[in-house]
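# A look at the structure
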Amino acid sequence: LASLQFAVHHLKVKVLLVLGHELCGAVRAAMLPKEVLEKEPAQLEEALKSIKAGLNQERFENMRDSRALDRESVTTNVKQQVERLRRDKGIMDKVRSDELLIS
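Residues numbered from 1 in each chain as written. Predicted model: local features only at pLDDT ≥ 70, side-chain atom pairs only at ≥ 80, totals over all residues. Heavy atoms only, no water.

### A short note on the overall build of the chain
For the chain, the helix and strand inventory stands at six helices and two strands. In the chain, the order of α-helices and β-strands from amino to carboxyl end is α-β-α-α-α-α-α-β. With the C-alpha coordinates of the chain rotated into their principal frame, the extents come out at 45 × 30 × 20 Å. Within the chain, buried positions represent 28% of all 103 residues. In the chain, 57% of the contacts between residues at least 6 apart in sequence involve partners at least 24 apart. Total accessible area computed for the chain in this model is approximately 7,100 Å², and 54% of it derives from carbon and sulfur atoms. (Helix = DSSP H or I, 4+ residues; strand = E, 2+ residues; numbered from the N terminus. Buried < 20%, exposed > 50% of the residue type's maximum accessible area, 1.4 Å probe, protein only. Contact = heavy atoms within 4.5 Å. Areas by Shrake-Rupley, 256 points an atom, 1.4 Å probe, with all protein chains shown as cover.)

### Some details on the nonpolar core
The nonpolar side chains of a soluble globular protein tend to be buried with one another. Counting ten residues, the largest nonpolar core consists of C24, V27, A29, A30, L37, L48, I51, L55, F60 and V74. Elements supplying a minimum of two residues to this core: α2 (25–30) and α4 (42–55). Ignoring anything within four residues of it in the chain, the contact list for V27 reads I51, L55, S73, V74 and N77. (Core = buried A, V, L, I, M, F, W, Y, C linked by side-chain atoms within 4.5 Å.)

### Structural notes on the packing of α4 against helix α5 (residues 66–86)
Direction vectors running N to C along α4 and α5 enclose 105 degrees, while the axes themselves pass 9 Å from each other. The pairing of α4 with α5 is recorded here as roughly perpendicular in orientation. Contact with α4, carried on its side by S50, I51, G54 and L55, involves S73, T76, N77, Q80 and R84 of α5 and no other residues of that element. Per-class residue counts for the contact of α4 with α5 are two nonpolar, six polar and one charged. (Axes fitted to C-alpha atoms, helices over the stretch in contact; angles between N-to-C directions. Parallel < 35°, antiparallel > 145°, perpendicular 65-115°, else oblique. Nonpolar A, V, L, I, M, F, W, Y, C, P; charged D, E, K, R; others polar.)

### A word on unusual backbone geometry
The phi dihedral of L23 falls on the positive side, at around 60 degrees, and the residue is not glycine. On the secondary structure map, L23 appears in the loop between β1 (15–16) and α2. The backbone of D98 sits at a positive phi, close to 60 degrees, despite the residue not being glycine. Mapped onto the elements of the fold, D98 is located in the loop between α6 (89–96) and β2 (101–102).

### Quick word on the pattern of salt bridges
Here the structure, examined in full by the defined rule, presents nine salt bridges. E22 is paired through a salt bridge with R67; the nearest N and O atoms lie 3.1 Å apart. With a gap of 45 residues between them, E22 in the loop between β1 and α2 and R67 in helix α5 connect regions that are remote in the sequence. Residue R71 pairs with E22 through a salt bridge whose shortest N-O separation is 3.2 Å. Separated by 49 residues along the polypeptide, R71 in helix α5 and E22 in the loop between β1 and α2 bring together distant segments of the chain. Taking the relative accessible area as the measure of exposure, R71 reaches 39% and is therefore partly exposed. Residue E22 is classed as partly exposed on the basis of its relative accessible area, which comes to 37%. (Salt bridge = Lys/Arg side-chain N within 4 Å of Asp/Glu carboxyl O.)

### So, the environment of I51
Within the secondary structure, I51 is located in helix α4. Each C-alpha atom, one on I51 and one on S73, is 10.0 Å from the other, the two residues being 22 residues apart in sequence. Not counting residues within four places of it along the chain, the set of residues in contact with I51 comprises A26, V27, A30 and N77.

Structure, rendered in structure tokens:
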């Protein structure tokens, strides 16, 4: 989030386009058990737990198709990242003043 805040406020970026991709290693790693994530370096652990918190893994428990699970988890992560941007006052001030578009 910090790099996006910097881009918006200091580089005057006009568009934030949030993308995801299939077979995302970060999303897959975030789906690992909490105990596994706690063995990672502190900043990586924090990032993966942040992703994990937004995934609502209970929804995925009954999915048997690994490609569908991957696609749904990546899509969910993109939606969560957009929501994080929407909770940022400075970024939303730019959106409301038509200085920034989030897509």
